[in-house]
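Analysis of the macromolecular model
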Amino acid sequence: MNYYQPEMECASRENMRALQSERLVKTVKHVYENVAYYRKLMDEKGVEPGDIKSIDDLNKLPFLTKSDLRDAYPYGLLALPLADAVRIQSTSGTTGRRVVAFYTQHDIDIWDECCARAIVAAGGSKNDVVHVSYGYGLFTGGPGLNGGSHKVGSLTLPMSSGNTERQLQFMMDLDATILCCTPSYAAFLAENIIQQGLQDKISLKAGIFGAEAWSEEMRHDIENKLNIKAYDIYGLTEISGPGVSFECTEQTGMHVNEDHFIPEIIDPDTGDVLPDGTQGELVFTCISKEAFPLLRYRTRDLCVLTRDECSCGRTLVKMSRITGRTDDMLIIRGVNVFPSQIEAVLMNAGYPANYQIIVDRVNYTDTFEVQVEMTPEMFSDTVKEVEAMEGELLASMRAMLGISPKVTLVAPRSITRSEGKAVRVIDKRKI
Ligand code: DLL
């Protein structure tokens, strides 16, 4: 088994807890002394650095949310003089102000190392050619995997997103072996490769896909089409970027880089910490960063943490795939609907993961439509055949969701492809 930093990835629980406690105590002191915003939050909660003696005291600290980051924009949470920071990255941004994260060179080094761990866990080494099709720029995907690939010593192709023809040309010409991009872009590239009959000219062996939710069914579909192993990678700009956690060959969840980020699962309504094995909102505390070390940051991502022994030998706690977000969960006619449930139905029924959920409100009643792309093989001119296929999908969705969407099958390749994160939900309701 190969590891990038075995002393951390395979540390005993006792050693890891000791290291986490030491780093937590130091970080809490650092932010209390250097960030007025934190000092105020901690004072309001009646907690001071001396109260935090080990990771058992973690839950004494206040939570931090995205709205704190917006309030403190741009420099309010910076924990060092600006002169010590060397980089910013920013979230893709949905509403309101963008979130800006700062890095010192040390912070970039540890981020790169986290991504290097992911690449090595996916079978990467200095002999690999790593093709990075995540966006470069403010988005963390490109810079993160790029840095990780450099640390491993692999030949790095900084492709960024877009220009599919050029992507495929480089992938073939340079014999790329590891592809890094969003799962939806991987599925799109796979479609193109098959359509152009290029399967034999592609040397890929693994993919490192993340930045958006995807299902086990989608994993199998991409693996079969590209003849690769597809690994999940998770992260968020606020905490550093990709590589907060990464999958190993067991492919049963992502190991969290616990020597840098302590994960907790909380009840999103009460804020209570939940035991391992329970689904809830993921919260992270950064314990090794200098410029932007967020404490107890609420990600709004829902998942489960488990500490079962892993066959890869890593002892790092594992998080499940992200099953949804506390805020992208759709509530349609009072029913909670996650896009991942719809995706699972589609993949099980043999449809590609090219779909869009359109929600609107007409006469105070929610409308709910799922547009699904047919593959060229499924495509039919016969209305009756299409209606029958729509009927079958509708029945499966009703069974899965407990609510009936309008299911519309649309022509192959008619849903706009995204080069970054796929746009799955169009919510037109003005509530
Ligand atoms: O998406 C960082 C990243 C880049 C991760 C490349 C993996 C690969 P943000 O743009 O700040 O950062 O978005 C973070 O994306 O809170 C999750 O909701 C979602 N997300 C990220 N990775 C996954 C994943 C990057 N593997 C937000 N599965 C997070 C599901 C993911 N959701």
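Residues numbered from 1 in each chain as written. Predicted model: local features only at pLDDT ≥ 70, side-chain atom pairs only at ≥ 80, totals over all residues. Heavy atoms only, no water.

So, about the nonpolar core. Within the largest apolar cluster, 51 residues are counted, with the highest numbers of intra-cluster contacts made by L77, Y234, I239, F284, L294 and M319. The contacts of M319, once residues within four sequence positions are left out, are Y234, S245, G253, M254, V256, L282, F284, C303, V304 and L305. In this structure, M159, L179, F188 and A353 belong to the second largest nonpolar core, which totals 28 residues. (Core = buried A, V, L, I, M, F, W, Y, C linked by side-chain atoms within 4.5 Å. Buried < 20%, exposed > 50% of the residue type's maximum accessible area, 1.4 Å probe, protein only. Contact = heavy atoms within 4.5 Å.)

For any pair of aromatic rings, geometry is given as the distance between the ring centres together with the angle between the planes. A full pass over the atoms with the stated rule returns 6 aromatic pairs. Considering the side-chain rings of Y185 and F188, the 5.9 Å spacing of their centres and the 35° angle between planes classify their relative orientation as tilted. Residue Y185 and its partner F188 are both found in helix α8 (residues 183-195); the two are separated by 3 residues, about one turn of the helix. The class for Y185 is buried, based on a relative accessible area of 0%. Positioned above the aromatic ring of F63 is the side chain of R298, whose terminal nitrogen or guanidinium carbon lies 5.5 Å from the ring centre. Sitting over the ring of W214, R321 keeps its end group 5.3 Å from the ring centre. (Phe/Tyr/Trp six-rings, centres within 6.5 Å; stacked < 30°, edge-to-face > 60°. Helix = DSSP H or I, 4+ residues; strand = E, 2+ residues; numbered from the N terminus. Lys NZ or Arg CZ within 6 Å of the ring centre and 35° of its normal.)

Right, let's get into helix α5 (residues 105-121). The end-to-end C-alpha distance of α5, which contains 17 residues, comes to 24 Å, matching closely the 24 Å that a straight helix rising 1.5 Å per residue would cover. Taken across its 17 residues, α5 has 13 buried, putting it largely inside the fold. Positive phi appears at G123, one or two residues downstream of α5, with a value of about 95°. (Expected span 1.5 Å × (residues − 1).)

Moving on, we get to the site of the ligand. Around the ligand lies a shell of 22 residues, among which D232, I233, T237, D301 and K421 are the nearest. Between the ligand and the protein, one listed contact pairs a nitrogen atom with a backbone N or O atom of E212 at 3.2 Å. Relative to its free-state accessible area of 610 Å², the ligand is covered by the protein chains to the extent of 93%. The element best represented in the shell around the ligand is strand β7 (residues 229-236), accounting for 5 residues. Here the residues of the shell around the ligand are counted per class, giving 9 nonpolar, 7 polar and 6 charged. (Near = heavy atom within 4 Å. Polar contact = N/O pair within 3.5 Å; in protein donor to acceptor, adjacent residues only side chain to side chain. Areas by Shrake-Rupley, 256 points an atom, 1.4 Å probe, with all protein chains shown as cover. Nonpolar A, V, L, I, M, F, W, Y, C, P; charged D, E, K, R; others polar.)

What follows concerns the domain arrangement of the protein. Taken as a whole, the protein is organised into domain 1 (1-326) and domain 2 (332-427). Both sides of the domain 1 and domain 2 interface together cover about 1,600 Å² of buried area, and 51% of this is carbon and sulfur. Applying the counting criterion to the domain 1 and domain 2 interface returns 2 salt bridges. Residue R417 is joined to E191 by a salt bridge in which the shortest nitrogen-to-oxygen separation is 3.1 Å. Our enumeration of links across domain 1 and domain 2 arrives at 8 residue pairs in polar contact (both at pLDDT 80 or more). At the level of secondary structure, the elements contributing two or more residues to the side of domain 1 that touches domain 2 comprise α8, α9 (216-226) and β15 (324-325). Here the element with the most residues in the side of domain 1 that touches domain 2 is α8; it accounts for 6 residues. Tallied by class, residues from the side of domain 1 that touches domain 2 come to 8 nonpolar, 11 polar and 5 charged. (Domains from an automatic or database assignment. Buried area = accessible area lost by both parts, 1.4 Å probe. Salt bridge = Lys/Arg side-chain N within 4 Å of Asp/Glu carboxyl O.)

As a further point, take the pattern of salt bridges. Summed over the entire model, instances satisfying the criterion amount to 28 salt bridges. D366 is paired through a salt bridge with R361; the nearest N and O atoms lie 2.7 Å apart. According to the relative accessible area criterion, R361 is partly exposed, its value standing at 35%. Connected via shared salt-bridge partners are E216, R219, D232, E247 and R321.

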